[in-house]
Amino acid sequence: MIPSYFEFYNPVKILAGTNALENIPYELMHLQAKKPFVITDKGIQRVGLIKHIKSAFGETDIAFSLFDNVPQDSSDIVVNELAEIYRETKSDSLIALGGGSVIDTAKAVNILVTHNSETIFDFVGGDIIKTPLKPLIVVPTTSGTGSEATGVAVIRDSNRNIKMGFSSQHLIPDVAILDPRMTLTLPPFMTAATGMDALTHAIESSYCLQKNPISSAFAFSAIQILSKHLLQIIKKPKDSKGRFALSTAAFLAGVGLSNSLAGMVHALGHATGGVCGVPHGVAMNIFLPHGLKYNLEKVSDIIGNLLLPLAGPKHYSSIPKADLPTATIEFIKSLQESLNNLVSLPQTLKEAKVSSSKFETIAQDAINDGAIAFNPEEVDYEDALEVLHQAYD
Ligand SMILES: [Fe+2]
């Protein structure tokens, strides 16, 4: 059903394909930038991906600064440190080379350096940022977060140990570079976890309250590609075409998410990540079927129709209409089983070593998370607690 009013926005320029990175100098020129600050992490440096950026700058007169130590779970401390380096090096733009933590860190640094501020938490929440930020080019090295497509960043508050969300159309990157060379070295476990994050973006954006026909089209396409390629790429990690397909799907899912927003799976995942350090993709994998089940009554038709992009027309048409919603959940569970068999991706909170003694804190944080407001079915503290118990084993 078409809503009576909706908005859709995605201004990201996409450069996609083999050697797409070589166009970075050209894009910087268009953005009137000459001194980029490249932000990445130790893992990316270790596997040698930074050399592609260096060779892209080759003979140009671009002198970039580099920070290669963003931790997996970045915080306000890291953001402050990087903003200081940006100022000291007189940089004029940002390039984020990495996964979600690196990209979100670059976005947060961009807020501070543009506003000449020292306190990132002054900008927490939606639409606090009112003016355009410095140029930001994003080169994702995972196929999951979709942060290259979104106006959202999540940063940990190091004092309170909770994840804080920032959202603004000004946080959407100027350019996203999807170069298959950047994800070829992503380990199978990470490929699985980030792939399930992308799938969760597509699925939640299909049925959450701000969905619209355009964001749903992006989500449909993302689900189709992810379902076809995720298991295959874990079995054949060096398949460049498969890697490229996953990167494209993660971007598509990110666009869907950015416009439709996420729901309770993300709210619970953010809370579990903040309290117990469970990686985001692992949490998404655990909570996804529970989120579907919880929303089954409110959006059963949409959940049933997800079986089409997930399983293809042959399987979809073989299932009686009334059974489609549960068949979708079963399909997700069977995908999880396969991923668990291949790379031991946890399916339960117990497997992810989350103690049930933390459930009350997680439930409280989850219902305070911004994503909970967009879930079709209302979720209160007791509901969140119940889902946590269901997801335990
Ligand atoms: Fe996510």
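Read on for a plain summary of the structure. Given the structure is predicted, the values throughout are model-derived calculations rather than measurements.

**Some remarks on the overall build of the protein**
Helix and strand content of the protein: 16 helices and 9 strands. Whereas a compact globule of 393 residues would reach a radius of gyration of roughly 21 Å, the protein reaches 20 Å, a difference of no more than 12%. Once the C-alpha set of the protein is aligned to its principal axes, its extents read approximately 65 × 45 × 40 Å. Expressed as a percentage of its 393 residues, the buried residues of the protein come to 54%. Excluding contacts between residues fewer than 6 apart, the proportion of contacts in the protein whose partners are at least 24 apart in sequence is 80%.

**A look at the sheet that holds strand E5 (residues 125-126)**
Strand order in the open sheet formed by 3 strands is E5-E8-E7, with mixed pairing between adjacent strands. Strand pairing shows two members of the sheet lacking a second neighbour, E5 and strand E7 (152-157), which therefore form its edges. Where helix H9 (residues 264-276) meets the sheet, it contacts E7 and strand E8 (162-167), and its direction lies at approximately 135° from that of E8.

**Let's talk about the pairing of strand E6 (residues 136-140)**
With 5 of 5 residues buried, E6 lies mostly within the body of the structure. Going residue by residue along E6, you find Leu136, Val138 and Pro140 tucked away on one face and Ile137 and Val139 tucked away on the opposite face as well.

**Examining the packing of helix H4 (residues 76-88) against helix H5 (residues 100-115)**
At a minimum axis distance of 9 Å, the contact between H4 and H5 shows a crossing angle of 60°. Classed by the angle they form, the pair H4 and H5 counts as oblique. For H4 against H5, the interelement crossing comes out right-handed. Each of Val78, Val79, Leu82, Ala83, Tyr86 and Arg87 in H4 lies in contact with H5, whose residues at this interface are Thr105, Ala108, Val109, Leu112 and Val113. Of the residues that constitute the contact of H4 with H5, the class distribution is 9 nonpolar, 1 polar and 1 charged.

**Notes on the nonpolar core**
Judged by nonpolar contacts, the single largest core of 129 residues is most densely connected at Ile39, Ala96, Val109, Ala222, Leu226 and Ala249. Counting residues per element, this core draws most heavily on helix H8 (residues 240-260), at 10 residues. Here this core spans two domains, and each of domain 1 (13-182) and domain 2 (188-390) adds at least three residues to it.

**Points about the environment of Glu88**
Relative to the elements of secondary structure, Glu88 occurs in helix H4. Here Glu88 falls in the exposed class, since 9 other C-beta atoms lie within 10 Å of it. Separated by 209 residues in the primary sequence, Glu88 and Glu297 have C-alpha atoms spaced 55 Å apart.

**Points about the sheet that holds strand E9 (residues 175-178)**
Strand order across the open sheet formed by 6 strands is E1-E9-E6-E4-E2-E3, with parallel pairing between neighbours. The sheet is open, and its two borders are formed by strand E1 (13-16) and strand E3 (65-67), each paired with just one other strand. Neighbouring strand axes in the sheet, compared pairwise and without regard to direction, differ in orientation by 15° on average. Packing against the sheet, H5 makes contact with strand E2 (36-39), strand E4 (93-98) and E6, and its axis sits at approximately 165° to E4.

Conventions used here
- Residues numbered from 1 in each chain as written.
- Predicted model: local features only at pLDDT ≥ 70, side-chain atom pairs only at ≥ 80, totals over all residues.
- Helix = DSSP H or I, 4+ residues; strand = E, 2+ residues; numbered from the N terminus.
- Rg over C-alpha atoms; globule rule 2.2 N^0.38 Å.
- Buried ≥ 20, exposed ≤ 12 C-beta atoms within 10 Å, placed from the backbone.
- Contact = placed C-beta atoms within 7 Å.
- Pairing = 2+ DSSP bridges.
- Axes fitted to C-alpha atoms, helices over the stretch in contact; angles between N-to-C directions.
- Parallel < 35°, antiparallel > 145°, perpendicular 65-115°, else oblique.
- Left-handed = near helix turned anticlockwise from the far one by under 90°.
- Nonpolar A, V, L, I, M, F, W, Y, C, P; charged D, E, K, R; others polar.
- Core = buried A, V, L, I, M, F, W, Y, C linked by C-beta atoms within 7 Å.
- Domains from an automatic or database assignment.

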